[in-house]
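Each chain, written out:
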Amino acid sequence: MIYWNAGLAERMTCSEEEKAVLPFLIRDLLSIASKVQQEGVRSVQNESLVVKNDLLSFGFRLLSEGLAVEALEEILAISLITGNKSGFEFLKQCIFAETLLSVAAGDTTDVTLRKLAPYCGVEKASSLLTILEEENLPRKS
Amino acid sequence: MILNTVSKFYDILASRNDALSAHGIDSLLEIAKRFVYVIAQSRNGDKNALSFAIKEEKRKPLKFSYSLVMASTSPAYVGQAFRAAGLASTSEPEAQCEIEMLTAGTELALKNAHPVVIMQTMSAFLGFSVYEDTSNWLIEHFSAKPKSEELIIPGDLPEIILNGEKTDGEIARAVRIAGPELTAATFAGCPDEVVEYITSICFNELGAIMFDEDIAAARSRLSSDEISDAQNAFYELLESFNVNVTNTKLIAQNEESDKKANVDESLVSDVSNLILELDEKVLKSVLSNLSPKVIASLIQVMQPMAHDRVFSTIPSGREKKILDAIEASTPINQVELTRTAQFFAQKVLSTVSPHSKSLRTPLVLPTKVRQLLSSILSRE
């Protein structure tokens, strides 16, 4: 079952200009996810995107604690809801959390891409998939 | 999807919007520590830990949490119990956060979650700033346990791990996919050297503590057969990455080879269709009579769907040799591809001939198979 919540939808509302950045953010996250699957979590802990974002940094540390995906999901959900972010910053955090869960589940880069692309909206998601595939994204981790 | 989980809890939990003061966060963290400490003591065999805490605790919500755990309340009714007790009806941010935090912690305690998981979940209500403090406290309070005695269940896994046959990234990924229970069951039957290696590549200090505890629990709870089954499952998981990577390399190699050698598409189509049309017994028999090197070459002249059928037909014990041969192979030219395909077609014919010893009863070839064999063998 897919749950939806009007309050949540309102909290993550942002402008089209802000959303235009998402494909680039997703590309960077895919690169990080791919590196983790190939070299382990430690290899990305000093990446600037990870260092600059509390949720990513926190999530990767939780991953190193070996928590089950369900526990990680609950902790990340609590952090998102009770945190103070809204608008584009909140949407970004949701994408970070989705990336962390995908890495925790051992997904290949292809699968991670398909989990993240919908955050761009239907039209942009489809063009994002095409562009990244043409850019020769690592197909499997 | 994270949005699903967030949606589910969104109306129950509240955005704090920086409403918690630094002092409030410190007080709430202390409450979480007190709760987790008592739960851990109770789990470690201190039968009076909960009743003593109920008697001594001054804070009503915390006292109530202990009583719910002691009464083994169903986790599903914890939130309802807090509301029924009148503890949830507050608009003051810190009091509200305390109730949400204790509700989550009590539910997890009743689900028998590890104290580290309970603490990390409760402290998530207080923001990222408390992570360091929380981790240090957990390390301080949960790292003193002696290691369990080594248990060795014979198997190939320790050698595969220590000989570097798999990359650290692959091993860590398998550990994440397997989850804590299967991972602990797997390595409960491995030498300490392997356990230490896994710890060093997969876990931080806190993760190492939980891994050690999970291994000790698995060693005391599981039979040798169960540990051996877990090792086999983990091994299969590790090997599956190899198949995926090899298939991907193969596809890429085939694509490259197609460009370079201008591969005869109709030959690829004929070989693929032949593989897909062949009776399973016949295909199994033919493949068992081909060397890994020939199969590796044959793979270059078929579509991915046919790869899958070949790999699903090959016994798992032989799969690794074929994968190694594929890894070692280089793209071959059109003439060699045609010869390999024809060699395969001849093997099919000899397998189904009336004099064949491979099959007990000769098979009648379907028309489509006959046409495909004829098409492959008639090429120059």
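## Observations concerning the overall build of chain B
Secondary structure summary: chain B contains 20 helices and zero strands in total. Within chain B, residue pairs in contact and separated by at least 24 positions form 79% of the contacts whose partners lie at least 6 positions apart.

## A short note on unusual backbone geometry
Residues and elements named next belong to chain B. The phi torsion at Ser72 lies on the positive side, around 50 degrees, for a residue other than glycine. Note on placement: Ser72 falls in the loop between α4 (60-70) and α5 (78-84). The phi angle at Asn112 is positive, at roughly 65 degrees, despite the residue not being glycine. Among the secondary structure elements, Asn112 is positioned in the loop between α6 (93-110) and α7 (115-123). Using a count of 10 C-beta atoms within 10 Å as the deciding quantity, one classes Asn112 as exposed.

## A few points about the interface of chain B and chain A
Across the contact, 44 residues belong to chain B and 41 residues belong to chain A. Residue assignment for the side of chain B that touches chain A shows that the elements contributing at least two residues are α1 (2-10), α7, α10 (168-187), α11 (192-202), α12 (205-221) and α13 (224-261) of chain B. When residues of the side of chain B that touches chain A are assigned to their parent elements, the largest contribution, nine residues, is made by α1 of chain B. By residue class, the composition of the side of chain B that touches chain A is 23 nonpolar, 14 polar and seven charged.

## Let's talk about the packing of helix α15 (residues 280-288) of chain B against helix α19 (residues 334-352) of chain B
To characterise two packed helices, one gives the angle between the axes of the helices and the distance between these axes. Residue and element names in this part refer to chain B. At a closest axis distance of 9 Å, the pairing of α15 and α19 adopts a crossing angle of 120 degrees. Taken together, the axes of α15 and α19 are oblique relative to one another. Both α15 and α19 take part in a crossing whose hand is right-handed. Mapping the contact onto sequence places Val282, Ser285 and Val286 in α15 and Lys347, Val348, Thr351 and Val352 in α19. For the contact of α15 with α19, a count of residues per class yields four nonpolar, two polar and one charged.

## Focus on the confidence of the model for chain B
Close inspection of predicted coordinates is inappropriate in any region flagged by low pLDDT. When pLDDT is averaged along chain B, the result is 86; 90% of the residues meet or exceed 70. Taken over the whole predicted complex, pTM reads 0.72, whereas the ipTM for its chain interfaces reads 0.89.

## Quick look at the nonpolar core
Counting residues in each nonpolar core, the largest one holds 110 residues, and the members touching the most others are Leu72, Cys94, Ala97 and Leu100 of chain A together with Ala32 and Ile118 of chain B. Both of domain 1 (2-142) and domain 2 (146-259) of chain B provide at least three residues apiece to this core. Apart from the residues lying within four places of it in its own chain, the contact partners of Ala97 of chain A are Leu55, Gly59, Leu76 and Leu80 of chain A together with Ile2 of chain B. Val286, Ile314, Leu373 and Ile376 of chain B belong to the second-largest nonpolar core, a separate cluster that totals 30 residues.

## Overview of the packing of helix α6 (residues 69-82) of chain A against α7 of chain B
Where α6 of chain A contacts α7 of chain B, the two axes come as close as 8 Å, and the packing angle between them is 20 degrees. Considering the angle they form, α6 of chain A stands roughly parallel to α7 of chain B. Note that α6 of chain A runs across α7 of chain B; the crossing there is left-handed. Each of Ala71, Glu74, Ile75 and Ile78 of chain A in α6 of chain A lies in contact with α7 of chain B, whose residues at this interface are Val117, Gln120 and Thr121 of chain B. Partitioning the contact of α6 of chain A with α7 of chain B into residue classes produces four nonpolar, two polar and one charged.

Cut-offs applied
- Residues numbered from 1 in each chain as written.
- Chains lettered and ligands numbered in written order.
- Predicted model: local features only at pLDDT ≥ 70, side-chain atom pairs only at ≥ 80, totals over all residues.
- Helix = DSSP H or I, 4+ residues; strand = E, 2+ residues; numbered from the N terminus.
- Contact = placed C-beta atoms within 7 Å.
- Buried ≥ 20, exposed ≤ 12 C-beta atoms within 10 Å, placed from the backbone.
- Nonpolar A, V, L, I, M, F, W, Y, C, P; charged D, E, K, R; others polar.
- Axes fitted to C-alpha atoms, helices over the stretch in contact; angles between N-to-C directions.
- Parallel < 35°, antiparallel > 145°, perpendicular 65-115°, else oblique.
- Left-handed = near helix turned anticlockwise from the far one by under 90°.
- pLDDT = per-residue confidence, 0-100.
- Core = buried A, V, L, I, M, F, W, Y, C linked by C-beta atoms within 7 Å.
- Domains from an automatic or database assignment.

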